[in-house]
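# A closer look at the structure
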Amino acid sequence: MSATVPSTSSTLEHMLSKAHECSLEYTQGLRKRPVYPDDAALRALSEFDRPLPEAGRDGDAILEELHRLGSPATVATTSGRYFGFVNGGAIPVAVAAKWLATVWDQAPVFFVLSPTAAKLEDVCEGWLVDLFGLPAGTAMGLVEGATSANFCGMAAARWELLRRRGWNVNTKGLYGAPSLRVVVGEQVHGSVLKALALLGLGSERVERVPVDAQGRINASALPRLDETTLVITQAGNVDSGSFDPLEEICGAARSANAWVHVDGAFGLWAAASPSRRGLLKGVQMADSWATDAHKTLNVPYDNGIVLCRDRRALVSSLQARGAYLQFTEGQRDGMLYSPGMSRRARSVDLWAALASLGRTGVAEIVDRLCERALLFAELLSAAGFRILNDVVFNQVLVAADSEETTSHVLEQVQRSGVCWCGGTTWMGERAIRLSVSTWTTTEEDIRRSAATFAEALGALR
Ligand SMILES: *Cc1c(COP(=O)(O)O)cnc(C)c1O
């Protein structure tokens, strides 16, 4: 048997051209294939079920198999007609930059492990603080996603609120610590509750504030805030796309010395659009923010962003020590800004996207997604559906006249292959949930998808 452990670097060159070939074929077929894989493609996945081989095979055979079995059973989230979750597609320059960074294989744990990645992280920090209109000096960390970014922002809050009470939570933990209060809206995202659980703050020990018909925190119903309170707000409700009234909440928190964290996984990008940034009024008064570059900005996955006004709080809460660690004074050591140590160089594709789009390009992506969502709502409404939310961003909630019909339509649409979306329960009612979050979605894609809804409804009548 030939050895399958590579012996020369020319193997890499060959494998990259093979990957290039498969990628091109995949991309070229994307608009012609069903958005959700068909049954044959799903059944074929069982070919992967076999024991770990004794002897390996060469790389060509491996990539061919991945492409033959894996590619057809992917969900075509980048195709333009995928509306299932707030995913975002991936803009070409960011995919390509990520590919180059994969070849570099850099781990931005320390400046000394990757000066390039460290520099690009610094640059992205400055650019994003500017783009989002946040206070100068705000710190940024690149993490896996918004769950992780929420976790980091809330870890910084926990560290700082307890420090002000004379308590070092890093060394003493929460045993015997002064207690903290956590205030959330009724429609808080599950990732926030998960982060609270991980931080020992308890997902059920929260004070829940009632919300309005769009899922926004009712600011006049906020409990009395104080200097032990962490208030968690939302910029972009995962169902309705609505934004909490940040100005009022942050104003109340300011005067009480409470900490405000904003979960802006996809909505924080509204700041880039002159016509939509009003949704975020007051956002700069918060203390920490979480967002995803892999959602609205359309950078490949694994690109979460935490931002924190108080650099010391963020860095202190994410501490780790070791004799062998090598920090560089005056340079960015990425591990100080993320829960992990080793990770991929996320700054490379993030930087490429921002540099290539520029301020106006980011605004255009945001506006385009919002306009396509409005068009979708308009067409569905004309086709006899009810739109359950005010379409202020990229989210549309749809229902037919009965829950049964709504569920039937959803099933038909999911089976159609033309587009894909999911369901939710909105204010106690079964609804279809549409997220327009991919740069590739054209008006034609929206029209074709809306026609599929209309056909599904027509078939039931
Ligand atoms: C997507 C989303 C999250 C979770 O983000 P991940 O990157 O998937 O971890 C959190 N909050 C909101 C509002 C979201 O839309």
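Figured I'd write up the structure that's included with this text. (Residues numbered from 1 in each chain as written. Predicted model: local features only at pLDDT ≥ 70, side-chain atom pairs only at ≥ 80, totals over all residues. Heavy atoms only, no water.)

### Some words on the overall build of the chain
Selection rule: Numbered from the N terminus, helices here are DSSP runs of H or I no shorter than four residues, and strands are runs of E no shorter than two. Only the C-alpha atoms count toward the radius of gyration. The rule for a globule is 2.2 Å times the residue count to the power 0.38. Working definition: with a 1.4 Å probe on protein chains only, accessible area under 20% of the residue-type maximum means buried, over 50% means exposed, and in between means partly exposed.
Along the chain, the regular secondary structure elements total 13 helices and eleven strands. At 24 Å, the chain has a C-alpha radius of gyration in line with the 23 Å of a compact globule built from 461 residues. Seen through its C-alpha atoms, the chain measures out along the principal axes to roughly 65 × 60 × 45 Å. Relative to its full complement of 461 residues, the chain shows a buried share of 53%.

### Overview of the pairing of strand β4 (residues 229–234)
For the record, the criterion: Two strands pair if DSSP finds at least two bridges between them. We call a crossover right-handed when, viewed with both strands directed away from the observer, the connection leading from the first strand over the helix to the second proceeds clockwise.
Along β4, six of the six residues are buried, which leaves the element largely enclosed by surrounding structure. With burial as the criterion, each face of β4 is covered, one bearing Thr229, Val231 and Thr233 and the other bearing Leu230, Ile232 and Gln234. Relative to β4, strand β2 (residues 181–185) runs parallel, the two being bridged by four bridges. Paired with Arg181 across the strands is Thr229, a residue of β4. The pairing of β4 with strand β5 (residues 259–263) spans five bridges and is classified as parallel. Within β5, the position partnered with Ile232 by the bridge is His261. Note that the unit made of β4, helix α9 (residues 246–256) and β5 has a crossover that is right-handed.

### Things to note about the environment of Ala97
What counts, and what does not: Only heavy atoms matter for contacts: two residues are in contact if any of them lie within 4.5 Å across the pair.
By secondary structure assignment, the location of Ala97 is in helix α4 (residues 92–104). Owing to a relative accessible area of 12%, Ala97 belongs among the buried residues under this scheme. For Ala97 and Val348, which are 251 residues apart along the polypeptide, the C-alpha to C-alpha distance reads 6.4 Å. Look past the residues within four positions of Ala97 in its chain and what remains in contact with it is Val348, Asp349 and Ala352.

### Structural notes on the sheet that holds strand β11 (residues 429–435)
Under the convention used in this document: Axes, fitted as lines to C-alpha atoms, cover a helix only where it is in contact. Angles between the N-to-C directions of the axes lie from 0 to 180 degrees.
One open sheet holds the four strands; their spatial order is β8-β9-β11-β10, and the pairing between them is antiparallel. Strands at the two margins of the open sheet, each flanked by one partner only, are β8 (386–387) and β10 (422–426). Pairing geometry for strand β9 (residues 395–399) and β11, over four bridges, is antiparallel. Within β11, the residue paired with Val396 across the bridge is Leu434. Each of β8, β9 and β11 touches helix α11 (residues 346–382); the most contacted strand, β9, lies at about 15° to it. Contacts from helix α12 (residues 403–416) reach β9, β10 and β11 within the one sheet, and its direction differs from that of β11 by about 30°.

### Description of the packing of aromatic side chains
To be explicit about the condition: Pairing of aromatic rings covers Phe, Tyr and the six-membered ring of Trp, with a centre-to-centre limit of 6.5 Å; geometry is then stacked below 30 degrees between planes, edge-to-face above 60, and tilted otherwise. Each ring is checked for a lysine NZ or an arginine CZ that lies within 6 Å of its centre and within 35 degrees of its normal; such an atom marks a charge sitting over the ring.
The tally for this structure, following the rule as stated, stands at eleven aromatic pairs. Geometrically, the ring pair formed by Tyr36 and Trp420 is stacked, given 6.0 Å between the ring centres and 25° between the ring planes. One end of the pair, Tyr36, is in the loop between α1 (10–29) and α2 (39–44); the other, Trp420, is in the loop between α12 and β10, and 384 residues separate them in sequence. Summarising the aromatic geometry, the rings of Phe132 and Trp269 are spaced 4.9 Å apart at their centres and angled 70° between planes, so their arrangement reads as edge-to-face. Separated by 137 residues along the polypeptide, Phe132 in helix α5 (residues 115–132) and Trp269 in the loop between β5 and β6 (288–292) bring together distant segments of the chain. A relative accessible area of 3% places Phe132 in the buried class. Ring pairs connect the aromatic residues Tyr36, Tyr82, Phe85 and Trp420, which therefore count as one cluster. Directly above the aromatic system of Trp167 lies the positively charged group of Lys172, at a separation of 4.4 Å from the ring centroid.

### Digging into the environment of Gln28
Structurally, Gln28 is set in helix α1. For Gln28, a relative accessible area of 55% gives the class exposed. Between the C-alpha atoms of Gln28 and Trp99, which are 71 residues apart in sequence, the distance is 18 Å.

### Regarding the site of the ligand
This is how the line gets drawn: For each residue, the test is whether any non-hydrogen atom lies within 4 Å of the molecule or strand; if one does, the residue is near. Polar contact is the term for a pair of N or O atoms within 3.5 Å; when the atoms are in protein, one must be able to donate a hydrogen and the other to accept it, and sequence-neighboring residues count only if both atoms are side-chain atoms. The protein chains shown are the only cover counted for residues, whose accessible areas, like all others here, come from Shrake-Rupley with a 1.4 Å probe. Side-chain classes follow a simple rule in which Ala, Val, Leu, Ile, Met, Phe, Trp, Tyr, Cys and Pro form the nonpolar group, Asp, Glu, Lys and Arg form the charged group, and the remainder, Gly included, forms the polar group.
If you check the shell around the ligand, you find 13 residues, and the closest are Ala146, Thr147, Asp263, Asp292 and Lys295. One nitrogen or oxygen atom from the side chain of His189 is found 3.4 Å from a nitrogen atom belonging to the ligand. When isolated, the ligand has an accessible area of 380 Å², and the protein chains bury 82% of it. Split by residue class, the shell around the ligand holds four nonpolar, six polar and three charged.

### Examining the pairing of strand β7 (residues 304–308)
Among the five residues that make up β7, five are buried, leaving the element largely enclosed by the rest of the structure. Burial along β7 is two-sided: Gly304, Val306 and Cys308 and Ile305 and Leu307, pointing in opposite directions, are all buried. Sheet topology places strand β1 (residues 139–143) next to β7; five bridges connect them, and they run antiparallel. Looking at β7, one finds that Leu142 is bridged to Ile305. Bridge count for β6 against β7 is five bridges, and the pairing is antiparallel. Residue pairing across strands places Trp289 opposite Leu307, the latter belonging to β7.

### Description of the packing of α5 against α11
Going by this rule: Our angle categories are set so that under 35 degrees counts as roughly parallel, over 145 as roughly antiparallel, 65 to 115 as roughly perpendicular, and the remainder as oblique. Crossings are classed by handedness, with left-handed meaning an anticlockwise turn of the near helix from the far one by less than a right angle and right-handed meaning a clockwise turn.
As a packed pair, α5 and α11 sit with axes 9 Å apart at the nearest point and diverge in direction by 30°. With respect to α11, the element α5 is oriented roughly parallel. Both α5 and α11 take part in a crossing whose hand is left-handed. On the side of α5, the interface is formed by Ala117, Leu120, Glu121, Val123, Cys124, Trp127, Leu128, Asp130 and Leu131, while α11 contributes Ser347, Val348, Leu350, Trp351, Leu354, Ala355, Arg359 and Val362.

### Notes on the side chain of Asp226
If you trace the backbone, Asp226 turns up in the loop between β3 (207–209) and β4. At a separation of 3.2 Å, a polar atom in the side chain of Asp226 contacts the side chain of Arg181. Of note is the side chain of Asp226, whose polar atom sits 2.7 Å from the side chain of Thr228. The contact partners of Asp226, leaving out residues within four places of it in the chain, are Arg181, Ala256, Asn257 and Ala258.

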